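Reading the structure
In case you want the letters, here they are:
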Amino acid sequence: MALRMWASSTANALKISCVSRPLISRCFSTVLDGLKYASSHEWVKHEGSVATVGITDHAQDHLGEVVFVDLPEPGGSVAQGSSFGAVESVKATSDVNSPISGEIVEVNTKLTEAPGLVNSSPYEEGWMIKIKPKNPSELDSLFGAKEYTKFCEEEDAAH
Amino acid sequence: MRGSLWQLGQSITRRLASGDKKAVAHRYFATEAELKKTALYDFHVANGGKMVPFAGWSMPIQYKDSIMDSTLNCRENGSLFDVSHMCGLSLKGKDAIPFLEKLVIADVAGLAPGTGTLTVFTNEKGGAIDDSVITKVKDDHIYLVVNAGCRDKDLAHIEAHMKAFKAKGGDVSWHIHDERSLLALQGPLAAPVLQHLTKEDLSKLYFGEFCMLDIHGSHCFLTRTGYTGEDGFEISVPSEKALDLAKAILEKSEGKIRLTGLGARDSLRLEAGLCLYGNDMEQHTTPIEAGLTWAVGKRRRAEGGFLGAEVILKQIQEGPPIRRVGFFSTGPPPRSHSEIQDEQGNNIGEVTSGGFSPCLKKNIAMGYVKSGLHKAGTNVKIVIRGKPNEGVVTKMPFVPTKYYKPS
């Protein structure tokens, strides 16, 4: 989930960079076993012929209240690592990338009316799209739960 | 404030923005070391402030409360902001007023002592160099606060003109209040809480008024003003006493007034329909286009005598080509630079600030459209990620302001 910050022209003019340092590392986010994770903070759950995709608890926690979710139409295709939608919080717009390639078979239309589900239930009711994977071996390139937890800790600690 | 940005301090952002972790770390520390810190820096960090670089300063974008909660709490109870990054300045001398009047659109001479106004520093083309709240302390003393992000260019501009003015025998000098910190106390509890800390009767200090007084044992400059649309104050306090004062305010409010960061400050000012310099007003924007015609004093309209007066007075007469307006919209929240189209899909302007209003629970934005399409109720399209969304021109402020004025 590439956070595309809408830095203002002032910010640009002043060369304000996207830097901050939460001093207290946030290690309280939930990471579920059995899912695969992308370094851009999306999760994917592969069951049978369909893979469900959403953003992680860690991602929603950093974003704050989600006020709008921009999702694609079913039927289109997505490529691994490319953006399929966007999440808007009060102040930031973030692209959401697909962890795997495939055809979009379903989108979570509930998020149109209730974008806050992404915050309250990131792994369940806040799912975003379902994909028919084109190449299931892509899943092997993603993090497991333990690796992702470590990745988040390192990322927070580094900043 | 005025300055800007919504870098909510996400590690995610940084990582993705750059790729090479080592390079990020290197750049990060280099930047961090150069950032200026206010007297309250340690206090912010101790209170969970997410510190971000802002106009050369390390400032809290938010604390533990979310931006949504902080925004709502300001309107319900109150907020305390550290805005010490902004630059307080005193102009002194018997010619301080005629000097300043060459640079701003306000009728400074016409201000009663102890009152102030929002004004704009203009350039030769009538564009805005900065916006600023100026106060006439007395006839030979003007106190003003300029944006942190504009400090260097503003000071250079003022200094250059001051040199020329003094060379002709004018009596004016300045003092930059770097020995002071600036706190903004905003919201319905601002006055009752501050009243606990001073003997002066704050019920007699109305919106836009200024006084020097003792607050919690320190000599402070107090302006009844702010950047949220709420009643409130900006308190200039000697820096060595700033922490004491901040703690006393929070304590007297029994936890209801909360430390509030720049993120909520931006939501609040947007809801109040106030310009953020650098977004909603820039070098090429005139105060007339920005909807600040009211800030051009009556006498100034007749006499001119400020930089860019020809352009500005002509625009007052004939109307500006573009105008700043507000919008409600559906779909994703509009952001700075979102394109605005008419119903037929023709480009008519651009959004300069926008977001989701925590108080109204819907999208609000401001931006510039061609004159003629600026009337409230005009339907527009706002293009976000290539898709047009319904929008309608709306009067500002979006949330009613609650300034303390004589009834």
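Residues numbered from 1 in each chain as written. Chains lettered and ligands numbered in written order. Predicted model: local features only at pLDDT ≥ 70, side-chain atom pairs only at ≥ 80, totals over all residues. Heavy atoms only, no water.

The name given to chain B in an unreviewed UniProt entry is Aminomethyltransferase, with Acacia crassicarpa as the source organism. Quoted verbatim from the Sequence similarities (unreviewed entry) field of the UniProt record, the comment on chain B reads "Belongs to the GcvT family." Among the UniProt annotations of chain B, the heading Subunit (unreviewed entry) holds the following wording: "The glycine cleavage system is composed of four proteins: P, T, L and H." (UniProt positions renumbered as here; feature names shortened; annotations may be inferred.)

As recorded in an unreviewed UniProt entry, chain A goes by the name Glycine cleavage system H protein, listed as coming from Acacia crassicarpa. You can read under Sequence similarities (unreviewed entry) in the UniProt record for chain A the words "Belongs to the GcvH family." The record in UniProt for chain A states the following under Subunit (unreviewed entry): "The glycine cleavage system is composed of four proteins: P, T, L and H."

Moving on: the pattern of salt bridges. Applying the stated rule across the entire model yields 21 salt bridges over all chains. Its salt-bridge partner being Asp70(A), residue Lys387(B) comes within 3.7 Å of it at the nearest N-O pair. Placement of the pair is Lys387(B) in strand E19 (residues 387–394) and Asp70(A) in strand E5 (residues 66–70), with the two residues belonging to separate chains. On the basis of relative accessibility, which here comes to 12%, the residue Asp70(A) falls in the buried class. For Arg75(B), the salt bridge goes to Glu271(B), with nearest N and O atoms at 2.9 Å. With Arg75(B) in helix H4 (residues 67–76) and Glu271(B) in helix H9 (residues 262–271), the pair connects residues that are 196 residues apart, well separated along the chain. Accessibility assignment for this pair places Arg75(B) and Glu271(B) in one class, buried. Counted as one network, the salt bridges with shared partners bring together Asp70(A), Glu88(A), Arg335(B), Arg385(B) and Lys387(B). (Salt bridge = Lys/Arg side-chain N within 4 Å of Asp/Glu carboxyl O. Helix = DSSP H or I, 4+ residues; strand = E, 2+ residues; numbered from the N terminus. Buried < 20%, exposed > 50% of the residue type's maximum accessible area, 1.4 Å probe, protein only.)

Time to look at the pairing of strand E17 (residues 362–370) of chain B. Residue and element names in this part refer to chain B. Summarising burial for E17: seven of the nine residues are buried, a large majority. Sheet analysis places strand E14 (residues 322–329) next to E17, joined by eight bridges and oriented antiparallel. Each residue of the ladder has a partner; that of Arg-324, found in E17, is Tyr-368. Of the pairings in the sheet, the one linking strand E16 (residues 347–357) to E17 comprises eight bridges and is antiparallel in character. Looking across to E17, one finds that Ser-357 is bridged to Lys-362. Connecting E16 to the next strand, E17, in antiparallel fashion are four residues, including Lys-361 with a positive phi near 55 degrees. (Pairing = 2+ DSSP bridges.)

Let us look at the nonpolar core. In terms of nonpolar packing, the biggest core is built from 28 residues, with Leu80(B), Ile215(B), Leu222(B), Phe233(B), Ile235(B) and Ile249(B) touching the most fellow members. Elements with a minimum of two residues in this core: strand E9 (180–186), helix H7 (190–195), strand E10 (210–215), strand E11 (218–223), strand E12 (232–238), helix H8 (239–252) and strand E13 (257–259) of chain B. The biggest single contributor to this core is H8(B), with six residues. Apart from the residues within four sequence positions on either side, Ile249(B) is in contact with Leu80(B), Leu185(B), Val193(B), Leu197(B), Ile235(B) and Ile257(B). If you look at the next biggest cluster of nonpolar residues, it comprises 25 residues, including Leu63(A), Phe84(A), Leu111(A) and Ile129(A). (Core = buried A, V, L, I, M, F, W, Y, C linked by side-chain atoms within 4.5 Å. Contact = heavy atoms within 4.5 Å.)

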